[in-house]
Amino acid sequence: LTGVLDDCLCDIESIDDFNTFKIFPKIQKLQERDYFRYYKVNLKRPCPFWADDGHCSIKDCHVEPCPESKIPVGIKAGSSNKYSKAANNSKELEDCEQANKLGAVNSTLSNQSKEAFIDWARYDDSQDHFCELDDERSPDAQYVDLLLNPERYTGYKGPSAWRVWNSIYEENCFKPRSVYRPLNPLAPSRGGDDGESFYTWLEGLCLEKRVFYKLISGLHASINLHLCANYLLEETWGKPRWGPNVKEFTRRFDPSETKGEGPRRLKNLYFLYLIELRALSKVAPYFERSVVDLYTGNGHEDAESKALLLDIFRDTKSFHMHFDEKSMFAGDKKGAKSLKEEFRLHFKNISRIMDCVGCDKCRLWGKLQTQGLGTALKILFSEKEIQSLPENSPSKGFQLTRQEIVALVNAFGRLSTSIRELQNFKVLLQQTR
């Protein structure tokens with residue numbers, strides 16, 4: 001992959017260098033800090049679109065919630081400020097049972113971690129959501145330690161996984177009626193339909209609808225990269241060995257294996273990276289205020305976390321080839337407003353589809369990464385509200401919940417990791433030739 005990306009003035013080599021030398025090492029450290037490693041999620045929400053027939057029903061595939069008596073009262077209260085100290089068939093079931101250990105989510109938390117959650121409850125004034133948010137006060141919502149539950153290959157596949165991605169692409173990606181071929185890259189292609197000629201329809205869409213498709217394709221590519229890079233290579237004496245699977249990477253991205261579509265999917269990953277990078281640079285003023293304190297109860301750690309986050313923001317601002325979101329929704333006001341609302345509702349629908357993912361670990365990371373992207377979109381279209389924030393009091397015009405902050409950082413961390421893993425696969429491919 002080389003050269004300039006479509007719909008922006010940025011080249012792939014610049015992103016590679018920027019990510020490798022500036023962003024990746026710092027975002028890795030940030031994700032390990034207590035404030036960002038715990039994510040509250042409801043993995044038991046029913047699928048709103050079809051009967052939930054693909055869900056693993058065996059013990060190791062679901063999360064054991066913490067007993068009610070052990071959860072600190074501050075979590076259940078749901079009113080205190082979270083960052084300020086002051087304020088489908090038997091074959092599928094067999095696949096699932098075979099993969100049960102791989103898909104299990106580790107939900108154990110230390111007592112210190114539980115105590116740190118006291119001031120991390122929900123607080124939200126914003127209505128401009130791009131995502132369907134979990135109700136953190138639901139008895140089914142629980143904290144998950146993301147470091148104990150890394151995103152990797154779980155064996156989740158088959159009709160259930162196919163249906164999720166098919167619904168995302170076919171029902172939400174502004175597909176013109178004249179295009180008959182499925183957008184879903186998992187769908188079987190028809191005859192002599194090569195990838196490049198298929199994409200000519202995309203050029204006929206308006207910028208906003210093109211961007212929407214690229215974001216979804218980029219997210220799909222990123223998730224596939226994580227699965228290829230963290231694949232179960234072998235399991236001897238009950239000890240699993242995880243690592244990069246070059247054959248799987250080739251199957252998903254090589255031009256000859258994908259009828260030329262693989263490199264395009266990877267370019268969409270870079271495009272998504274640019275969008276979320278732009279959002280981080282735009283939201284910096286929100287966190288630079290003294291009133292925002294990434295509160296866990298440990299003053300020293302909180303100060304270090306905030307310093308590291310602000311350091312990353314400085315790096316994002318120093319990047320010279322940002323995507324220009326002002327080019328979006330820039331037509332006549334009425335049409336632009338209508339298109340933005342359509343864009344928002346389509347994305348919100350995709351966040352709801354994540355409750356249809358059958359594997360708990362895949363559902364966890366799917367929900368987190370869509371919420372992270374949804375938070376990035378919310379930031380990009382709230383520039384005026386962010387610029388007019390009061391310095392010393394919580395804002396009414398623009399607000400982020402702790403969940404949105406955690407999702408934003410971890411979702412961008414996943415993209416940064418994807419681009420880093422792509423460099424590793426380039427080396428591995430050269431070694432195998």
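None of the values given here were measured: they were computed from a predicted structure.

## Focus: the overall build of the chain
Check the secondary structure of the chain and you find 17 helices and four strands. Summed over its atoms, the accessible surface of the chain is roughly 19100 Å², and 51% of this surface lies on carbon and sulfur atoms.

## Quick word on the environment of M328
As for its placement among the helices and strands, M328 is situated in the loop between α13 (299-318) and α14 (333-353). Separated by 119 residues in the primary sequence, M328 and K209 place their C-alpha atoms 9.8 Å from one another. Residue contacts for M328: discarding those within four places in its chain leaves L207, E208, V211, F323, F343 and F381.

## Some details on the pattern of salt bridges
Tallying each qualifying case throughout the model produces 20 salt bridges. The partner of E404 in a salt bridge is K378, with the nearest N and O atoms 3.0 Å apart. With a gap of 26 residues between them, E404 in helix α17 (residues 402-432) and K378 in helix α15 (residues 360-380) connect regions that are remote in the sequence. Ionic contacts of the salt-bridge type, sharing partners, join the residues K26, D311, R314 and D315 into one network.

## Points about the UniProt feature "binding site: FAD" (unreviewed entry) in the chain
Those places that UniProt annotates as "binding site: FAD" (unreviewed entry) correspond, in this numbering, to R152, T154, W165, S217, H220 and R252. By the secondary structure assignment, W165 is in helix α7 (residues 159-172). Judged by relative accessible area, W165 falls into the buried class, the value being 13%. Within the secondary structure layout, S217 lies in helix α10 (residues 207-229). By relative accessible area, which is 3% here, S217 ends up buried. Setting aside residues no more than four positions away along its own chain, S217 makes contact with Y169, R265 and N268.

Basis of the calculations
Residues numbered from 1 in each chain as written. Predicted model: local features only at pLDDT ≥ 70, side-chain atom pairs only at ≥ 80, totals over all residues. Heavy atoms only, no water. Helix = DSSP H or I, 4+ residues; strand = E, 2+ residues; numbered from the N terminus. Areas by Shrake-Rupley, 256 points an atom, 1.4 Å probe, with all protein chains shown as cover. Contact = heavy atoms within 4.5 Å. Salt bridge = Lys/Arg side-chain N within 4 Å of Asp/Glu carboxyl O. UniProt positions renumbered as here; feature names shortened; annotations may be inferred. Buried < 20%, exposed > 50% of the residue type's maximum accessible area, 1.4 Å probe, protein only.

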